[in-house]
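Here is what each chain is made of, one letter per residue.
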Amino acid sequence: MYQLSYEFELTRQAVFRIIEGDPNLVECEGYVPGSSIWGALAANYIARKGLTGPAHTDPTFKKWFLQSGIKFLN
């Protein structure tokens, strides 16, 4: 298993909401959640590969993003 550590800088403001506590207050994470990184990289993969059909039919996409081939941590 390999581990890749990286840093990135957001070019625009972003809010990652915490869904708990008082529904009338909005609390935000102090970091970028791994699930958001997962979604951004999955969308980027789909766009770069030009996948027009269901992405889960692409073997590499399925392995990396749907079968935990790559883990995205906070």
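That block above? That's the structure.
Just so it is clear, the model here is predicted, and its values are computed rather than measured. (Residues numbered from 1 in each chain as written. Predicted model: local features only at pLDDT ≥ 70, side-chain atom pairs only at ≥ 80, totals over all residues. Heavy atoms only, no water.)

Draft legend 1. Spatial organisation of the overall build of the protein chain. Counting secondary structure elements, the protein chain contains 2 helices and 2 strands. Mapped in sequence order, the helices and strands of the protein chain form the string β-β-α-α. Its C-alpha atoms give the protein chain a radius of gyration of 15 Å, more than 25% over the compact-globule value 11 Å for 74 residues. The principal-axis extents of the C-alpha atoms in the protein chain amount to approximately 40 × 30 × 25 Å. (Helix = DSSP H or I, 4+ residues; strand = E, 2+ residues; numbered from the N terminus. Rg over C-alpha atoms; globule rule 2.2 N^0.38 Å.)

Draft legend 2. Layout of the packing of helix α1 (residues 34-49) against helix α2 (residues 59-66). At a minimum axis distance of 11 Å, the contact between α1 and α2 shows a crossing angle of 175°. Taken together, the axes of α1 and α2 are roughly antiparallel relative to one another. Residues Trp38, Leu41, Ala42, Tyr45 and Ile46 of α1 form the contact with α2, whose participating residues are Thr60, Phe61, Trp64, Phe65 and Leu66. Here the contact of α1 with α2 is built from residues that sort into 9 nonpolar, 1 polar and no charged. (Axes fitted to C-alpha atoms, helices over the stretch in contact; angles between N-to-C directions. Parallel < 35°, antiparallel > 145°, perpendicular 65-115°, else oblique. Contact = heavy atoms within 4.5 Å. Nonpolar A, V, L, I, M, F, W, Y, C, P; charged D, E, K, R; others polar.)

Draft legend 3. Fine view of the nonpolar core. One finds Val32, Ile37, Ala42, Tyr45, Ala55, Phe61, Phe65 and Phe72 forming the largest nonpolar core, which totals 8 residues. Of the residues forming this core, the biggest block, 3 residues, is contributed by α1. Not counting chain neighbours up to four residues away, the residues in contact with Tyr45 comprise Leu51, Asp58, Thr60, Phe61, Trp64 and Phe65. (Core = buried A, V, L, I, M, F, W, Y, C linked by side-chain atoms within 4.5 Å. Buried < 20%, exposed > 50% of the residue type's maximum accessible area, 1.4 Å probe, protein only.)

Draft legend 4. Highlighting the packing of aromatic side chains. Under the defined criterion, the tally for this structure stands at 7 aromatic pairs. Geometrically, the ring pair formed by Trp38 and Phe65 is edge-to-face, given 6.3 Å between the ring centres and 75° between the ring planes. Of the two residues, Trp38 is situated in helix α1 and Phe65 in helix α2; the sequence distance between them amounts to 27 residues. Ring geometry for Tyr45 against Trp64: centres 5.7 Å apart, planes inclined by 65°, an arrangement best described as edge-to-face. Here the residue Tyr45 occupies a position in helix α1, and Trp64 occupies one in helix α2, the gap between them amounting to 19 residues. Using a relative accessible area of 10% as the deciding quantity, one classes Tyr45 as buried. Joined through ring pairs, the aromatic side chains of Trp38, Tyr45, Phe61, Trp64, Phe65 and Phe72 make up one cluster. (Phe/Tyr/Trp six-rings, centres within 6.5 Å; stacked < 30°, edge-to-face > 60°.)

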